[in-house]
Amino acid sequence: MSKIEVMDKTVEKVIIPLKQHEGAICTPLVAKGDKVLVGQKIGDCNESPFCASVHSSVAGEVISIEEVPHPNGKRVESIIVQPDEEQRSVDFVKQDDLNPSELIEAIKNAGIVENYGVPTHMVLAPLNKNIDTVIINATSSEWIQGDYSDPGDYASSIISSLKILMKAANVSKGAIVLRNDDAESINAFERTTYNGEHVHVAPLVGNRKIDYYFDDMNTDIVVVSQKPMYGKSLFNLFTERVTGRKVSKTCDPSDVGVAICGLKSAKAVHDAINDGKPFYETVIKVSGAVNTPQRILVKIGTPIKDVIEACEGYVGEPGKLIVNGPLTGTAQFTDEVPVTKDMISIYVQNEEDMETLEAIECIHCGRCVDNCPVDLVPARIATLVDRGRYDECMELFVMNCIECGKCSAVCPSKRHILQLIKYAKVSLSRVYPDAVKESDSMHSSCMMNGGQ
Amino acid sequence: MRFTISAPPHKKTGLTVKNIMWSKVFALIPVSIISIYFFGLPALWILFASVLAAVLAEYSIQKTFDQKITIRDGNAVLIGLMLALIIPPEAPFWIPIVGAAFAVIIGKHAFGGLGSYLFHPVLAAWIFLMIAWSEHMTPASFPYADQITDIFLENAAGFLVEVSPIALIGGVYLILRRYLDWRIPLTFTFTIVLLALIFGENLEYLVTGVLIFGILFIATDPSTSPVTKQGRIYYGILCGLLTFIYGYFSVNYGYAALYGIFLANCVTAFLERITFPKEYGTPSIFEKSYITLKEKISNRGIK
């Protein structure tokens, strides 16, 4: 693994969106002309639990508070800070010996957000639900050692993060899931110790899910490995594979008592509790048509333009700027957008690498069927959507689609299957708002047949 | 700086329909060359006339109906080449021309073009030629592998494709590269060999170029085979069964393969319909019985 570069150049301005999570937007705590310090809280939640505070990543002067482009494609109210020469920070206080509810409050105050947008404290302590297992998902390729340069350091600090997360969620079981093809991480974990014993990385095979290993090893933390999985909305599938608990489509892992955290938020929690540092910097993988592709530690709010500059600029004329991976990521219309908390990677495509082939007729080769992780027939659904026959799509379980984009990626006819499916899902949810309502009433049943 | 925006995914496979079609054409070139070597000029004329007629037919029909000209995708060339390979070398000069034109115009375009046809155009054209001019379409003799060298170079006459079963090995390579589906050829071969063993059929009869050609190239055609995973398995089994029934009673596995696959094409849509996958997360019958069994055992343990 390459080492992590640190971006220490002072940028012209830093854009900190007040909404970098799903849920309510923060209210600014500062006004134009105010001086802020590194790590100072500048946006706070108004009583809403589904929210995460934002902090300034630089010391400087607030030059304006206005709506500017956000990586999700919309315009979001943001605080724009002009950094000073001298970077002074607030005093970071180490927070020890907290009880679970204080820990949750500390995580909320540190503004930690999962990479799929949900604030971490909501994952650990969802409303009206009981969590009994915390899982750190280290299977997605972007996350492996993403924030660490040394595998040994990675293994030990992830285990200590998991301990904090378990304490915060007030549970006695925690698991770390690695990918089975990542020998480097597996070796690193096997070399670390937990409770004086060597960690053993167990494979998830057949019926041997994590519950089996909890009993077998007689421990409260297990490290397991499984096939790599990607996609933000695959958590139900992930939960089933790891714990053996089925999560139906209208439920989420918390309904069966499972909290899933990403590596990035696990590290942020570790830093927030052990060093008192709020979530104001993150590691981003920059790849594609840039001169020095690298992993780089940047301050949240740094415009992408400056991150690319830190990677010594574009190679040739850039065609597409994609945030968060080429399969499910969002293409940006400008490189003035800031780095946000949920950003993992930046991928630059040149003009000639862009997909420009025209879609032709479906030849029924069935590649989309072979690749669909949720057993759909994307080819048939796409054809039906194209003709506006949405109800028939519903019968083919189009609402189960997790929008991973594999069907479009493997299609030899280059059909825009994912786009058509998304279109059908939006249209169907307009026609049948009940489908959404149903999910609320279903939650009680989720609890009954799932969980313990 | 200007950036392009578009919906994800931003990176797609390099595989295109064009690649698939042309790679099939290339996989059939060895057998074509051997047939020219073996049968001489008549074979060359049949191959040339059939491909040319198919391409011209495609061009003229797309021009007439003001459609986009899609000759470059290789589908017309493939249809022409495949049809030529199942014509006997003694056929009169106009047979490949009429056949290829029929395949493209009626077999392919009358049913809606690429991806929409119900019957494989090559099979439709072959059956048309067979019924209309059976005297010209019947080869001088029907070869089968009675000695080991026949696998490499067949001595009897037959269709062009029957000169060398081993020359069709390119199809296996395409399956390994995942250009062709693997379920259909596997279940097809398995079914037919199994039935042959059960009924004591001479396995030598099965090693004919046309049967192997049918298994590797015709049965795997994406448009005429089901799109679901299970459906493809059933389709392969059905192809094997129908081929064996015809072959067992006529001792002509070449014809059997072509008629068998043609009949299996008829039920493709039905197979697809009955094998649509269940909603994700629905336990299968096997899983259900496993769960109940496990519960029973654990209940007994408590008692």
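Residues numbered from 1 in each chain as written. Chains lettered and ligands numbered in written order. Predicted model: local features only at pLDDT ≥ 70, side-chain atom pairs only at ≥ 80, totals over all residues.

Thoughts on the overall build of chain B
For chain B, the count of helices and strands is 13 helices and 0 strands. Along the first, second and third principal axes, the C-alpha atoms of chain B reach 85 × 70 × 35 Å. Counting across all 303 residues of chain B, residues that qualify as buried make up 47%. Contacts in chain B between residues at least 24 apart in sequence constitute 73% of all its contacts with a sequence separation of at least 6. (Helix = DSSP H or I, 4+ residues; strand = E, 2+ residues; numbered from the N terminus. Buried ≥ 20, exposed ≤ 12 C-beta atoms within 10 Å, placed from the backbone. Contact = placed C-beta atoms within 7 Å.)

What about the sheet that holds strand 8 (residues 75–83) of chain A?
All names here are of chain A. The 4 strands lie next to each other as 2-8-7-4, forming an open sheet whose pairing is antiparallel. With one partner strand each, in any of the chains shown, strand 2 (14–17) and strand 4 (35–36) form the two edges of the open sheet. For strand 2 and strand 8, the ladder comprises 4 bridges, and the chain directions are antiparallel. When the sheet's bridge partners are listed, Val-14 is paired in strand 8 with Val-81. (Pairing = 2+ DSSP bridges.)

Some remarks on the packing of helix 9 (residues 209–218) of chain B against helix 11 (residues 253–266) of chain B
All names here are of chain B. Packing of helix 9 against helix 11 brings their axes to within 7 Å, and their N-to-C directions diverge by 25°. The pairing of helix 9 with helix 11 is recorded here as roughly parallel in orientation. In this structure, helix 9 contributes Val-210, Leu-211, Gly-214 and Ile-218 to the contact, and helix 11 contributes Tyr-253, Gly-254, Ala-257, Leu-258 and Ile-261. Considering only residue class, the contact of helix 9 with helix 11 consists of 7 nonpolar, 2 polar and no charged. (Axes fitted to C-alpha atoms, helices over the stretch in contact; angles between N-to-C directions. Parallel < 35°, antiparallel > 145°, perpendicular 65-115°, else oblique. Nonpolar A, V, L, I, M, F, W, Y, C, P; charged D, E, K, R; others polar.)

Topic: helix 9 of chain B
Residues and elements named next belong to chain B. Among the 10 residues that make up helix 9, 10 are buried, leaving the element largely enclosed by the rest of the structure. Within the sequence span of helix 9, burial applies to Gly-209, Val-210, Leu-211, Ile-212, Phe-213, Gly-214, Ile-215, Leu-216, Phe-217 and Ile-218. Contact partners of the buried residues in helix 9: helix 1 (17–39), helix 3 (75–85), helix 5 (121–132), helix 7 (169–176), helix 8 (183–198) and helix 11.

Quick notes on the packing of helix 1 of chain B against helix 2 (residues 41–64) of chain B
Helix 2 of chain B packs onto helix 1 of chain B with a crossing angle of 140° between their chain directions and a minimal axis gap of 6 Å. On the side of helix 1 of chain B, the interface is formed by B:Ser32, B:Ser35, B:Ile36 and B:Phe39, while helix 2 of chain B contributes B:Pro42, B:Ala43, B:Leu44 and B:Leu47.

Topic: the environment of A:Pro100
Mapped onto the elements, A:Pro100 comes out in helix 1 (residues 100–109). Residue contacts for A:Pro100: discarding those within four places in its chain leaves A:Lys167, A:Ala168 and A:Asn170.

Some words on the nonpolar core
In terms of nonpolar packing, the biggest core is built from 113 residues, with B:Leu83 and B:Leu85 touching the most fellow members. In this structure B:Leu83 touches B:Ser50, B:Pro96, B:Gly99, B:Ala100, B:Ala103, B:Val122, B:Ala125 and B:Trp126, once residues within four positions along its chain are discounted. If you look at the next biggest cluster of nonpolar residues, it comprises 105 residues, including A:Leu178, A:Phe238, A:Leu263 and A:Ile322. (Core = buried A, V, L, I, M, F, W, Y, C linked by C-beta atoms within 7 Å.)

A few points about the interface of chain B and chain A
With 31 residues of chain B at the contact, the number on the chain A side is 47 residues. Listed by contribution, the elements that provide at least two residues to the side of chain B that touches chain A are helix 1 and helix 10 (229–250) of chain B. For the side of chain B that touches chain A, a count of residues per class yields 15 nonpolar, 10 polar and 6 charged.

A short note on the UniProt feature "transmembrane region" (unreviewed entry) in chain B
All names here are of chain B. Mapped onto this structure's residue numbering, the UniProt feature "transmembrane region" (unreviewed entry) falls at residues 21–39, 69–87, 118–136, 156–175, 182–199, 205–221 and 233–249. From the first C-alpha to the last, residues 118–136 spans 27 Å; its make-up is 79% helix and 0% strand. As annotated, residues 233–249 comprises 100% helix and 0% strand, and the C-alpha atoms at either end are separated by 25 Å. (UniProt positions renumbered as here; feature names shortened; annotations may be inferred.)

A word on the domain arrangement of chain A
Domains assigned within chain A are domain 1 (9–92 + 277–349), domain 2 (100–274) and domain 3 (367–434). On a C-alpha basis, the centroid separation for the pair domain 2 of chain A and domain 3 of chain A is 31 Å. (Domains from an automatic or database assignment.)

Description of the confidence of the model for chain A
Should pLDDT be low for a region, the predicted coordinates there are not to be read in detail. All names here are of chain A. Per-residue pLDDT for chain A has a mean of 83; in total, 91% of the residues score no lower than 70. For chain A, per-element mean pLDDT is lowest for helix 14 (residues 434–449), which scores 48, and highest for helix 10 (residues 378–386), which scores 93. Confidence drops under a pLDDT of 50 for residues 436–444, and excluding neighbours within four residues, the segment shows 7 contacts in the predicted structure. Low pLDDT, under 50, characterises residues 447–452; the predicted model gives this stretch 11 contacts beyond four residues in sequence or across chains. (pLDDT = per-residue confidence, 0-100.)

Remarks on the environment of A:Lys13
Residues and elements named next belong to chain A. Structurally, Lys-13 can be placed in the loop between strand 1 (4–6) and strand 2. Placed 71 residues apart in sequence, Lys-13 and Asp-84 show a C-alpha to C-alpha distance of 9.9 Å. In this structure Lys-13 touches Ile-63, Ile-80, Val-81 and Gln-82, once residues within four positions along its chain are discounted.

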